[in-house]
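# Chain and residue survey
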Amino acid sequence: MILNSLNPAQQEAVRAPLGHQLVLAGAGSGKTRVLTHRIAWLVENEKIAPSRILAVTFTNKAANEMRARIEKMLHVPAKSMWIGTFHGLSHRFLRAHWQEAGLPQSFQILDSDDQFRMIRRVIHALNLDEDRFPPKESQWFINAQKEECREPHQVEVRDFTVQTQIRIYQAYHEACLRAGVIDFADLLLKTYKLLLTNAELRAHYQDRFRCLLVDEFQDTNTIQYAWLKLFAGDSNSVMIVGDDDQSIYGWRGARIENIQRFSKDFAGARIIRLEQNYRSTGTILKAANALISQNAGRLGKNLWTEGKDGEPITVYAGFNETDEAFFIVNRIRELKQKSDHVLREMAVLYRSNAQSRVIEEALMQFGIPYRVYGGLRYFDRQEIKDALAYLRIIANRSDDPAFERIINTPVRGIGDRTLVSIREHAKSHALTLWDALLQLIEQKHFSTRAETALLSFVNLINTMTERTLALELHKQVEYVLYASGLIEHYRKEKGEKGLTRLENLEELVNAAHQFSQDGVTDDMPPLAAFLAYAALESSDEQADAYDDCVQLMTLHSAKGLEFPVVFLAGCEEELFPHYLSMNDPKAIEEERRLCYVGVTRAMRKLYMTYAEVRRTYGKEAYHRPSRFLHEIPAELIDEIRFRTKTARLGNHAQAYSSGTGGNHFTTAAETQNAFRVGQEVRHRIFGEGIVLDCEGDGEDMKVKVRFANVGTKVLIASYLSAK
DNA sequence: CGGGAAAAGCTTTTT
DNA sequence: GCTTTTCCCG
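What counts and what doesn't
- Residues numbered from 1 in each chain as written.
- Chains lettered and ligands numbered in written order.
- Predicted model: local features only at pLDDT ≥ 70, side-chain atom pairs only at ≥ 80, totals over all residues.
- Heavy atoms only, no water.
- Near = heavy atom within 4 Å.
- Polar contact = N/O pair within 3.5 Å; in protein donor to acceptor, adjacent residues only side chain to side chain.
- Helix = DSSP H or I, 4+ residues; strand = E, 2+ residues; numbered from the N terminus.
- Expected span 1.5 Å × (residues − 1).
- Buried < 20%, exposed > 50% of the residue type's maximum accessible area, 1.4 Å probe, protein only.
- Pairing = 2+ DSSP bridges.
- Axes fitted to C-alpha atoms, helices over the stretch in contact; angles between N-to-C directions.
- Parallel < 35°, antiparallel > 145°, perpendicular 65-115°, else oblique.
- Left-handed = near helix turned anticlockwise from the far one by under 90°.
- Contact = heavy atoms within 4.5 Å.
- Nonpolar A, V, L, I, M, F, W, Y, C, P; charged D, E, K, R; others polar.

What follows concerns the protein's contact with DNA strand C. Residues in contact with DNA strand C, as listed here, are Arg120, Arg357, Arg615, Tyr617 and Gly618. Each atom of DNA strand C within 4 Å of the protein was assigned to sugar, phosphate or base; sugar and phosphate come to 57%. Between DNA strand C and Arg120 there is a distance of 3.3 Å, counted from a phosphate oxygen to a side-chain nitrogen or oxygen. Take Arg615: an N or O atom from its side chain is 3.4 Å from a sugar or linking oxygen of DNA strand C.

Between the first and last C-alpha of helix α5 (residues 112–125) there are 20 Å, a value that for 14 residues agrees with the 20 Å anticipated at 1.5 Å per step. All of the buried residues along α5 are Asp114, Gln115, Phe116, Met118, Ile119, Arg121, Val122 and Ile123. The backbone nitrogen of Asp113 lies 3.0 Å from a side-chain oxygen of the residue at the head of α5, namely Asp111.

Let us now look at unusual backbone geometry. Among all residues except glycine, the phi angle is most often negative; among peptide bonds, the trans geometry is most common. Residue Thr409 is joined to Pro410 through a cis peptide bond whose omega torsion reads -5 degrees. Structurally, Pro410 is set in the loop between α16 (400–406) and α17 (416–428). Omega for the peptide link from Phe576 to Pro577 comes to 5 degrees, which places this bond in the cis form. The backbone of Asn127 sits at a positive phi, close to 55 degrees, despite the residue not being glycine. With respect to the element layout, Asn127 can be found in the loop between α5 and α6 (135–147). Its relative accessible area of 68% is what places Asn127 among the exposed residues.

Strand order in the open sheet formed by six strands is β3-β2-β6-β7-β1-β8, with parallel pairing between adjacent strands. The sheet is open, and its two borders are formed by β3 (82–85) and β8 (270–274), each paired with just one other strand. Recorded for the sheet is a direction-independent mean angle of 15 degrees between the axes of neighbouring strands. Sheet topology places strand β2 (residues 53–57) next to strand β6 (residues 211–214); four bridges connect them, and they run parallel. Opposite Val56, over in β6, you have Val214 as the bridge partner.

At a closest axis distance of 12 Å, the pairing of helix α4 (residues 86–96) and helix α10 (residues 222–232) adopts a crossing angle of 50 degrees. The angle between α4 and α10 falls in the class oblique. Considering only the axes of α4 and α10, their crossing is left-handed. Contact residues: α4 offers Phe86, His87, Leu89, Ser90 and Phe93, while α10 offers Gln224, Trp227 and Phe231. The residue inventory of the contact of α4 with α10, partitioned by class, reads five nonpolar, three polar and no charged.

Right, here's the structure in full:
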């Protein structure tokens, strides 16, 4: 096997003898290459059978990528290898051992939306006040308990509130059992519990998997750690790869301590550091190192590069968020025109989604194509979930969440009253909604009108099931779309929205077709396999990634990606670090790691921008520049200001004045005279308008202008000229 | 049952 | 302030 392309540290990790290893892989240090090479090495040099390797990642994307790379390296399909997410692998395990796990063979997976609805229903059924016990909180509580491996009876009762939450957890647990559905956390928990209690199975799997590898280990939570330990047993080799400095998911249960714990629990673990960075310039790495060195209790790591220092980091102090957005957009235009940068090489990163709007508007005004990552995913769309709910009911009549969803969608005259009586009957007789419905019909419980509607529903589902039995998967889906009336229903929905929905539904037929062609259904019935795929594989729409678009996303979704040019927007106290993290030193450290992630996304050029005034939740707020800006050595920064009087970065300002190339906007500001209300003005982009209001004076002046074509906007005086 | 008015959010997200 | 969800009534 050729390892020439790897540096000494990478080679050390790849060729390490069997046994435990902790690879601390800095940003851009070639961590994925090490993982894939390691697996290939195990197969080729250590003669480990592919079926005895277990590799875990956090996202499907990472898992698919890893599998593809390994297949390319080994020139054989890696089908027998267990490569996947914690959830995906747990699912595979539970499908194989559904009986031992006490699940129906046709068990379905609940996504968080289904889970939410189900919990809300449980809260109502317990006659609890939704305002005192919001379903969101219960959902959070239940998931947190499951992530700590605690079943309802194992939760410590601290006070009345917790006691009630436990009741909700218990009732939800029973409802899931009855409906034959399990949520995401259950996939892990049930796998863990089964392995823990069933010695025979445990022995089998511990004997099978000789080598276990985990990517992004800093993101593991308590149950994932326990899960891994159980699969690993005492005699197998475990390699974990991670970076404590990139742990940004503490808020959803990730335990950064798991990395430290690993060295204790897995005896003789060797630590290998990957610190050579192949992504960023020296300047960017120096900034990142300085920033993260402010955090306490790190395992310690210093990124370096053989490459050049490159350009300084540009810090821009915007007047307000619109000004900030225009700065970014102007720079994007310049880069596009003057250099060879294409738009897709530029990314705008921000702390929270709400920030994207202003930037999008600015991009739109200049006609620059862009793409916002992290919107509603395909399988989460309403119309898709409707269609899937029909398929779920076909596969499993007891799927209550699916039943609730489609009983009156499209509307077929089954009202809330009818539904409530079905729910009550189900609850008092411990039945599924479907069975309760059948019983009530038999008992002649309903009015003639309701009964007709209900009977036609029951017939519809039964007919669908019979008719689709022999059909191929995509034909099955197609049949259901029409027979359910969903196509007709969304055709009636007027406007763009309805059209998109129809397109999405048609796409579902294609998706099913594609799915069955790709094969790999793991001896599950195709429909069940497809439903599981829809629940577990969130399918990020990479389809149009080839379009040349500026990339917009949150810092969280940027993890793992890289861009030649990065704009890090909104570098202000209260926004970044976020005000909800301000009082907790641990949370501040996580924010800092988030900043570190953002900085290390940049390959050649990094811009960091902030606004002095920002409108949030309807209020205008003045914020100081982010502390993270101060934590980056001044000599790495070139600050651009639209005015010269005061330094933006407070006490550290003097050092910044040595920067080159700044002051782009000074000339305009200095020659600017004050505007007065009623004056006619001109803006380079917005055209002509009338001054409605002025605030402040001189170059600091905020001017409200009503433009002839684009409406009313507040701008800084320096962007305006008298007509 | 649909549409409009009122009210409720409002940090980060994968599975 | 703006957008999404819920609620209420014709």
